[in-house]
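Structural overview for review
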Amino acid sequence: MEQTSEPRQKTFTCQLCGLSSPFTYYGQKPPNTRAIVLLEECFVTQDPFSPDKEKFLVLGSTCSMCSLCVCVGSDCSLFYTKRFCMQCVNKHLEQFPNQIQAELAKKKQSSKAAVS
Amino acid sequence: MDSDRRRDSRSWDWDSPQCRAQLDEVFFRRHDYIQAGSTEHREFWAFFDRFQRFKTRKEMSGPGAKEDRKKTGSGKVDLGLPKEYDARYRINVSVCTLDVEERLGKSERRGSQRSSGPGSQEISDCRLALLHFLDFSQRQSFGKLAKLRREQKNLPIFQYRDRIVELVRQSPVVVVAGDTGCGKSTQVPQYLLAAGFNHIACTQPRRIACISLAKRVSFESLNQYGSKVGYQIRFETTRTPVTKLLFLTEGLLLRQIQQDRSLAQYQVLIVDEVHERHLHCDFLLGVLRSLLAENPDLRLILMSATINIKLFSDYFSRAPVLQVPGRLFPIQVIYQPIPPDEQPSRSEKLDPRPYLRILQGIDQRYPPEERGDLLMFLSGVAEISTIQEACQVLATHTRRWIVLPLHSTLSLAQQDKVFDISPPGVRKCIISTNIAETSVTIDGVRFVVDSGKVKEMSFDPKAKMQRLQEFWISRASSEQRKGRAGRTGPGVCYRLYAESDYDAFAPYPVPEIHRVALDSLILQMKSMSLGDPLSFVFIDPPPAASIQTAVTYLKEQGALDSRSELTSIGSLLAQLPVDVVIGKMLVLGSLFNLVDPVLTVAAALSVQSPFLRSAQHNPDCTTARQPLHSNHGDPFTLLNTFNAWVEVKGERGGGSRKWCRRRGLEEQRLYEMVNLRRQFKELLRSHGLLEPQSSAPSSGDRGQRRLRLTERKKLHQMKRDHEQQESSRRKVLRLEEGEEEFSSGSDTEGAGRGKKDNEAGQNVDIQEVKFKLRHNVSELQEAASVSQDMSSRQQSLLKLLLCRGLYPQLALPDDHNSTRKDSEQVFHTRNKQGVVIHPTSVFASDPEVLQVPEGDNGEMGPERRDSSRHQLLAFVTLLETNKPYLSNCVRVPALQALLLVANSVDSNADCTRLVVDSWLELELRVPEEALKVLSTALALRGEWERLLLAQLGQSTMGAEQGVSHKVLEKLSEGLVRFLLYTEITYSLRRLTAFQTQNLYIGPRPQEPAPEGNPLFPGVEAKPDPIKGGLRVTSFFTYNCLADSKDLYSECLRTFWSCPNCDLYMPLTPLERMQHEASCRPAGEQQQSEEEPEGAKAAFSSSMSSLTRVYHCDVCDEDLTLTSTEILKHKRQHMYSTK
Ligand SMILES: [Zn+2]
Ligand SMILES: [Zn+2]
C-alpha cells in the first residue's frame, strides 16, 4: 500500500497515566515563543485549544529524581523548582513544604470519597 | 529620584487604563508571547484582578503556619528544596519581557530615563501575575486535553482500536457494527489517522452530520484550528490540500466516482450508517463493490448499528465483522396498548388521552427534582399538533411541562428549541416525528413514548404518484426509539402497542430503494456505464418493475433514447445533482435569454417551500404575502419572493430577517435557494452552457476594492467568532415557551417579540454574514431586477420552458369545475384521476384563472366546450396524503403547450382531430386553422430541437461559437407569438378507456408507399407499424386515428398558395405541411449557411441539409432536390399524364 505519510509524528506518553499525544518540540525554549523560557526540559506541542498558532502547551517532562516520563497532570507529577513524579513525591513527602503536603492529603481524601 | 518613585507609586492606580497601558509596554509588546489587544491580553487583566483580590485575602488571613519541616532523616536523599514556601516555585515558566531585558542590558530603551510609569513594585506585581496567568492557561489547556483523552478511553470502542487498524490492514472490506454511543463515527477515523492512513473519506447520510462530525473529530484530533479534518457538502467545503480526513455525503462521493472511477484521491473509504439503507447508500455500496475489484489498494469500512450485519458482510464476500457493544443504560419497557374506545378511526383525529395519561403518570411517580425529559414519537405533523394541543392544556395547568414540537417543516429556530434546557422542576415534552430516531439526538431524555407508527413515502408506479402513508414501524426502529431514553441515564420507554404487536412488526424498515422512484438512480447508473440496471448487483435489488418504470419515464423525459442509451441531454442531466425535471429546466433555460429566472425557479423548486404553513392562518402574513403571489403559478410566486428578498437584502442587509418574519417566510430556505442557484450557475458554466464569467475585476476603483476587502476581512472574523461561541450556547427555556408558540400559531410577532429583537441585537445574524461572504449582492440584485421586469412575452416563454421541463407531469381541469366550490376543484393526470390542488398553491385560492371563460363556450353544448382558452397545469409533485395533491403548479395554454412539448401527437387526415399521448383529445373546428397551427408548431419545434442540440453539442464538443443570437431571437419570437396569439377554438377532453382501445387504424398492407414523401427534408416519414398512418417526426404521426381518411384522397386536396414562394396548387394537408416546413422566406435561407460548423456537426440527423437524392422513375434519373422540388417534380409528371 502506498504510504504517503509524512515523517511519523513523535508521541509523548505519560508513564504513569498512559496519556499520550503527539509533541513537536522537546527542550526549554519552545519555538516561536520569543520571550518564553521553560525551567525544565519539556515535551511541548502547539496549544490545540487556541486559535493562535504561536501558543504552546507543555505536555510533560522527566522526573528529576527517577527520570520517569510524566505528564503535567496533578495526578502524575508536581513542579516545585524541579519536576517530581508522584511516586517520588510520595517517597519524599516530608521534604515538601506544608502547603503542598496539605494539598496532597486533601486531594487523596476527596478522591477516596469519590471511589467509595 | 527616590522621592519621584514614591510619588509615582502613590499615584499609581491599577484600575486606570493609562497605568495598565504603561505596563502593556513592558509585558505585552508586539513581539511578546502575549500582545496587547489580543484575547489573551484581555483575559490576563481579568485574571490580574482576581489574582490581586486573592492575594489581599491571603495577606489579611495572616502569615501561614511556620515552616515546620522535619529534618531529613539520615540515609535519605536531600531534594534540595528551598526552605521558604513560595507559590512561584511551582511554575515552570519564565518570561523575558522588557523589565528583564533592561536588567540584562539588552534593551535599546534607556530605562533609567523613564521618569514616570510603573515603579519596580508594580512591575514585579504584574510579572508575578503574568507568571501565574501563564501557568493557569497551561493548566487549563492541559486539563482539556486530559479530559478529552479520558473520554476517548472510556468509549466502548477504545479497546478495539488496534484490532480495527489491524483488520483494515489485512482485508479490503471490514464491517464495524456498534450501537449508538459506542463512538464508532468519531473514533474509527481517528484510529486510522493515527495509524498513518492519509486520505480518508467518511460518508454520512445527512449533511448536518458531516459538519458536526468534522467539527468534533478535528477537535478531538487536536486540529480544531487546522484543516486536517474537513467536510464537503452540497454548498460548502472546508477541504484544503492538507485535509487528510473528509466527511462528505453519500451523494457527493457518488458524484466524485462519476468523475473519477479510480477514486485515486482516497486510501480508505468509510461508509457510515449503512443500516439506514438510504437509496444513495445502497447504490454506493453496489458501486464500491464493483470498484474494489479494480482498485485492490482501496480499503473500505462499513459502519452500522448492530442491525442485519450479516447482510453487509455477505455482500462483500464475507468481510470480517467487528462488533462493539454499545453504551446504554438500562431501559424499562412498558407496553400500554391503546384501549379500543380510544383507537383513532381513519377519519378522526388522534385521541390524546393515552398520551396525557403517561404525562400525568410521570408527574405522580417521579419527583420534579429528578430531571429527565420526555420524547414522544408520532407519525406526522397533524398528529403532533393534535397531541401538542392537548399536552399544552395540561402543561399550562400543572406548570411542570414545556411542550415542544419537532419536525422538519418547522422553522430552524423552532427546531432548535428542543436543545435548550428546561428550568428546574420542569420537564421538556418533545413531540417528534421519526426525525428524532436517528437524525436529531437530544440529550437528557429519560422517558420515551412510542406510538409505533411512522409515515413513509412510497412510490406508486402505476399512478406515477408519491404516497405518504402511515405504517407500523419495524422492530429495529422500535428499539432505536427505545434507546433514546437511555443515553444519559436509566430510562423508561412506553410503547402504545401490545407486545404481540411488537413481535409481529417487520424486523427492519423497508429500504428506501424499494419505496421510491428510481429515475435519478437509473440515470446516474447509465452515466456511470454500469450496464443494464436490471443485472446490477444491488445489496437488495429493487423490483424490476420499478426499474422499468424509471427507464420508461426517462425515455418520456428525453433523457434516454429508444435503445435506453443516454441522449446528449440525458448525459448532462446525469451530472446535475437535481431532479430530472429541474435539470431539464436549467438546460432549456440556458438556451434562451432566461437564465436568471430559470436558475431561481430551479433552485426554489429544489428546496423546501419558504412559506411557513403555520403563517397561513395569520391574516397579517397573508396580507403581507399578497404582492408576492402570481396567478401564473407557484414557481412565479417563488420567483417573486426570491427577487423581493434579494431586493431587501441589497437595501437593508440584516433587515431581511424581519421582512421574512412579517411574511411568514423561513429565511433559511431563501439562503439555501441563493446558494443552490449559484451552484446551478456554476454547473451550467462548467458544462459550457453559460458564457464564462467576465474576468474583469468587479466594478469600482482601487479604493472601493480595498473597502470591500476590509469588509470581507471583518465578515470572516465575525464568522470565526460566531463559530467559536456557537458550541457553548444553550438557553434556558421559559415555562411559557410552549404556550406562546401555540396560541399565536407561529413564531412571528407577539409576546415573544421583545426577546427576539434583543437576541438579534446581541448576536450577529450569521446567515447574513455567510451570505455576504458568498454572494455579490449587487450582481444578484441585477439578476433579480431582470426577472422582475419580465414582460408578458418573457413570462409566457418561461412558462413554456417550465412546462417542457415538467412534462409529462400535466393535469387537466375537470369539465365541471366551474360548478364546484373553490375547495373542490378536481383535476386529472394521465395516470391518476381526481387529484386536487394542494392548499398552499396559488391555484387553490384562485381557481377561476384555470377555467374556460363563460361565453367562450361554443354552440356545441356542455359536452363539447369549444374555446381558445383551454389550460393545463404542469406540476412538480403529485403526492397522496389524505388526498392526492398537486403542488407547485404552472398554468399553460393547452393546445400550444401540447403541440410544443408532447411526445406523441396523432392526427386524423385533415388534422382537425388530435390525440396527445393517447389520453387527451383536441378537436379543432376549422381544418384550415388546424393545419396552420400544426405546421407552425412542427416548424418551431424542429428549430427548437435543432438549436438545443447545437447548444448541447457545443458544450460537449467545445466548438467555438454557440447558437447565434439572431437565430435564437427569432425562435423565441416565434414561440411567444405562437403561445400568445394562437386564436383558435377547440375542444379538449380526456379519452375514455374504450376510446383509447380503438384509437388507431393500425398498419395497413395496402397503405400507399411513402414514396420518399418526408414532411421534413432528411427525415424519413415511414408508415407507423403500430398506429398506422405516417410517422412524420419522432412525436407526430399523421392520419393514424381511427376516423382517418385515405392518405392521398383527392378530396382532401385544396388549392393553396404559399406565402413564401410562388407555389399555388391543390395540395393534401401532408403535402402542404411538407412544403411549409422546407420553404423559408428568401431572406432566411442564407442564415442557415452562416451557422457555425460546430452546430452543424453536432446536429446528427442532418436536418440542416435541405437536399437529398431522389430517384424519379418516370425520368429514370437520380436528382438532387429539396423535398419541395421533389414534390413539384412529381406533380409535373402527374399533370402531364392527365
Ligand atoms: Zn500522567
Ligand atoms: Zn520520579
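Residues numbered from 1 in each chain as written. Chains lettered and ligands numbered in written order. Predicted model: local features only at pLDDT ≥ 70, side-chain atom pairs only at ≥ 80, totals over all residues. Heavy atoms only, no water.

Below, the discussion takes up the overall build of chain A. When its secondary structure is counted, chain A shows two helices and nine strands. Reading the helices (α) and strands (β) of chain A from amino to carboxyl end gives β-β-β-β-β-β-β-β-β-α-α. Counting all 116 residues of chain A, 44% fall into the buried class. The long-range fraction of contacts in chain A, counting pairs at least 24 apart against all pairs at least 6 apart in sequence, stands at 21%. For chain A, the accessible area works out to roughly 6100 Å², and carbon and sulfur atoms hold 52% of it. (Helix = DSSP H or I, 4+ residues; strand = E, 2+ residues; numbered from the N terminus. Buried < 20%, exposed > 50% of the residue type's maximum accessible area, 1.4 Å probe, protein only. Contact = heavy atoms within 4.5 Å. Areas by Shrake-Rupley, 256 points an atom, 1.4 Å probe, with all protein chains shown as cover.)

On to the overall build of chain B, then. Counting its secondary structure elements, chain B contains 41 helices and 32 strands. Split into buried and exposed, the 1138 residues of chain B put 52% on the buried side. Within chain B, residue pairs in contact and separated by at least 24 positions form 71% of the contacts whose partners lie at least 6 positions apart.

Here we take up the domain arrangement of chain B. Residue and element names in this part refer to chain B. Each assigned domain of chain B is listed with its residue range as follows: domain 1 (2-60 + 87-141), domain 2 (157-324), domain 3 (331-510), domain 4 (515-562) and domain 5 (576-692 + 712-747 + 765-789). Its C-alpha centre places domain 3 at a distance of 32 Å from the equivalent point of domain 5. Facing the 26 residues of domain 3 at the interface are 18 residues of domain 5. Summed over both partners, the interface of domain 3 with domain 5 comes to about 2000 Å²; 57% of that surface belongs to carbon and sulfur atoms. Applying the counting rule to domain 3 against domain 5 returns zero salt bridges. Seen at the junction of domain 3 and domain 5, the total is one residue pair in polar contact (both at pLDDT 80 or more). Secondary structure elements with two or more residues in the side of domain 3 that touches domain 5: helix 13 (381-398), strand 11 (401-406) and helix 14 (412-416). Class assignment of the residues belonging to the side of domain 3 that touches domain 5 gives a composition of 11 nonpolar, nine polar and six charged. (Domains from an automatic or database assignment. Buried area = accessible area lost by both parts, 1.4 Å probe. Salt bridge = Lys/Arg side-chain N within 4 Å of Asp/Glu carboxyl O. Polar contact = N/O pair within 3.5 Å; in protein donor to acceptor, adjacent residues only side chain to side chain. Nonpolar A, V, L, I, M, F, W, Y, C, P; charged D, E, K, R; others polar.)

Another aspect to go through is the sheet that holds strand 3 (residues 200-204) of chain B. Residues and elements named next belong to chain B. Read from one edge to the other, the open sheet built from seven strands follows the order 4-5-3-6-7-2-8, with strand pairing classed as parallel. Unpaired on one side and paired on the other, strand 4 (229-232) and strand 8 (321-324) mark the two borders of the sheet. Taking each pair of neighbouring strands and ignoring which way they run, the sheet shows an average axis angle of 20°. Alignment of strand 2 (residues 173-178) against strand 7 (residues 299-304), held across five bridges, turns out to be parallel. When the bridges of strand 7 are listed, A177 appears paired with S304. Most of the contacts of helix 7 (residues 184-194) go to strand 7, to which it runs at about 160°, and overall it touches strand 2, strand 3, strand 4, strand 5 (245-249), strand 6 (268-271) and strand 7. (Pairing = 2+ DSSP bridges. Axes fitted to C-alpha atoms, helices over the stretch in contact; angles between N-to-C directions.)

Attention now goes to the coordination of the zinc ion (ligand 1). Residue and element names in this part refer to chain A. Protein ligation of the zinc ion (ligand 1) involves C14 (SG), C17 (SG), C71 (SG) and C76 (SG), the donor distances falling in the range 2.2 to 2.4 Å. Considering all four donor atoms around the zinc ion (ligand 1), angles at the metal cover 104 to 117° and the coordination shape is tetrahedral. Spacing between the donor residues of the zinc ion (ligand 1) along their common chain follows C-x2-C-x53-C-x4-C. In terms of burial, C71 and C76 fall into one category: buried. (Donors = N, O, S within 2.8 Å, 3.2 Å for Na, K, Ca; no water. Tetrahedral: all angles 85-135°; square planar, octahedral: opposite > 155°, others 65-115°.)

With that out of the way, let us pick up the coordination of the zinc ion (ligand 2). Residue and element names in this part refer to chain A. The protein atoms that coordinate the zinc ion (ligand 2) are C63 (SG), C66 (SG), C85 (SG) and C88 (SG), at distances spanning 2.2 to 2.3 Å. For the zinc ion (ligand 2), the four donor atoms are set out with angles of 103 to 117° between them, so the coordination reads as tetrahedral. Here the donor residues of the zinc ion (ligand 2) share one chain and are spaced in sequence as C-x2-C-x18-C-x2-C. Highlighted residues: C63 in the loop between strand 6 (56-62) and strand 7 (69-71) and C85 in strand 9 (residues 83-85), separated in sequence by 22 residues. Just as C63 is buried, C85 falls in that class too.

Here we take up the side chain of B:D634. Residues and elements named next belong to chain B. Mapped onto the elements, D634 comes out in helix 24 (residues 634-652). Despite being buried, D634 has no salt bridge partner; R625 is the closest side chain of opposite charge, sitting 10 Å away. The contacts of D634, once residues within four sequence positions are left out, are T840, S841, V842, N888 and C889. (Lys, Arg positive; Asp, Glu negative; His and termini not counted.)

What follows covers the packing of aromatic side chains. Residues and elements named next belong to chain B. Applying the stated criterion across every chain, the model contains 32 aromatic pairs over all chains. Note on W45 and F48: the rings are 5.1 Å apart at their centroids and 65° apart in plane angle, and the pair reads as edge-to-face. One end of the pair is W45 and the other is F48, both in helix 3 (residues 39-60) and three residues apart, which spans about a single turn. There is no split in this pair, since W45 and F48 are both buried. Between the aromatic rings of W472 and Y497, the centroid separation amounts to 6.0 Å while the plane-to-plane angle is 80°, which identifies the pairing as edge-to-face. Placement of the pair is W472 in strand 15 (residues 465-472) and Y497 in the loop between strand 16 (491-495) and helix 17 (499-504), with a sequence separation of 25 residues. According to the relative accessible area criterion, Y497 is buried, its value standing at 1%. Here the aromatic cluster, defined as three or more aromatic residues joined through ring pairs, consists of W14, F27, F28, F44, W45, F47, F48, F51, F133 and F136. The aromatic ring of W472 is capped on one face by K453, whose charged end is 4.7 Å from the ring centroid. (Phe/Tyr/Trp six-rings, centres within 6.5 Å; stacked < 30°, edge-to-face > 60°. Lys NZ or Arg CZ within 6 Å of the ring centre and 35° of its normal.)

Below, the discussion takes up the environment of B:A504. Here B:A504 is to be found in helix 17. C-alpha separation for the pair B:A504 and B:R475, spaced 29 residues apart in sequence, amounts to 8.6 Å.

Looking now at the packing of helix 24 of chain B against helix 32 (residues 792-806) of chain B. All names here are of chain B. Where helix 24 contacts helix 32, the two axes come as close as 11 Å, and the packing angle between them is 120°. Between helix 24 and helix 32, the crossing angle belongs to the class labelled oblique. The chirality of how helix 24 crosses helix 32 is right-handed. Judged by residue contacts, P635, F636 and L639 of helix 24 engage Q795, L798, K799 and L802 from helix 32. (Parallel < 35°, antiparallel > 145°, perpendicular 65-115°, else oblique. Left-handed = near helix turned anticlockwise from the far one by under 90°.)

Turning to the interface of chain A and chain B, a few remarks are in order. On the side of chain B, 51 residues touch chain A, which itself brings 52 residues to the contact. Taken together, the two surfaces of chain A and chain B that pack against each other cover about 4700 Å², and 56% of this comes from carbon and sulfur. Counting the contacts that link chain A with chain B gives one salt bridge. Note that B:R90 is salt-bridged to A:E103, the shortest N-O span being 2.9 Å.

This paragraph deals with the UniProt feature "domain: Helicase C-terminal" (unreviewed entry) in chain B. Using the residue numbers shown here, the UniProt feature "domain: Helicase C-terminal" (unreviewed entry) corresponds to residues 361-529 of chain B. Along residues 361-529 of chain B, the helical share is 33% and the strand share 26%, with 60 Å between the first and last C-alpha atoms. (UniProt positions renumbered as here; feature names shortened; annotations may be inferred.)

Using the residue numbers shown here, the UniProt feature "domain: Cysteine-rich DPF motif" (unreviewed entry) corresponds to residues 12-104 of chain A. With 14% helix and 34% strand, residues 12-104 of chain A has its two end C-alpha atoms placed 26 Å apart.

Residues and elements named next belong to chain B. Where helix 21 (residues 580-591) contacts helix 32, the axes come no closer than 8 Å and their chain directions differ by 140°. In terms of orientation, helix 21 lies oblique with respect to helix 32. Remark: the crossing between helix 21 and helix 32 carries right-handed chirality. Contacts from V581, K584, M585, L588 and G589 in helix 21 reach L801, L802, R804, G805 and L806 in helix 32. In terms of residue class, the contact of helix 21 with helix 32 is built from six nonpolar, two polar and two charged.

To continue, consider the pattern of salt bridges. Residues and elements named next belong to chain B. The tally for this structure, following the rule as stated, stands at 53 salt bridges over all chains. A salt bridge links R29 to D32, with the shortest nitrogen-to-oxygen separation between them at 2.9 Å. Overall, R29 belongs to the buried group, its relative accessible area being 14%. Classification of D32 as buried rests on a relative accessible area of 3%. Measuring nitrogen to oxygen at the nearest pair gives 2.8 Å for the salt bridge that ties R481 to E437. In this pair, R481 is assigned in helix 16 (residues 475-483) and E437 in helix 15 (residues 435-438), connecting sequence segments 44 residues apart.

With 16 residues, helix 10 (residues 279-294) of chain B extends 24 Å between its outermost C-alpha atoms, agreeing within 8% with the 22 Å of an ideal straight helix rising 1.5 Å per residue. For helix 10 of chain B, the set of buried residues is B:L279, B:C281, B:D282, B:F283, B:L284, B:L285, B:G286, B:V287, B:L288, B:L291 and B:L292. (Expected span 1.5 Å × (residues − 1).)

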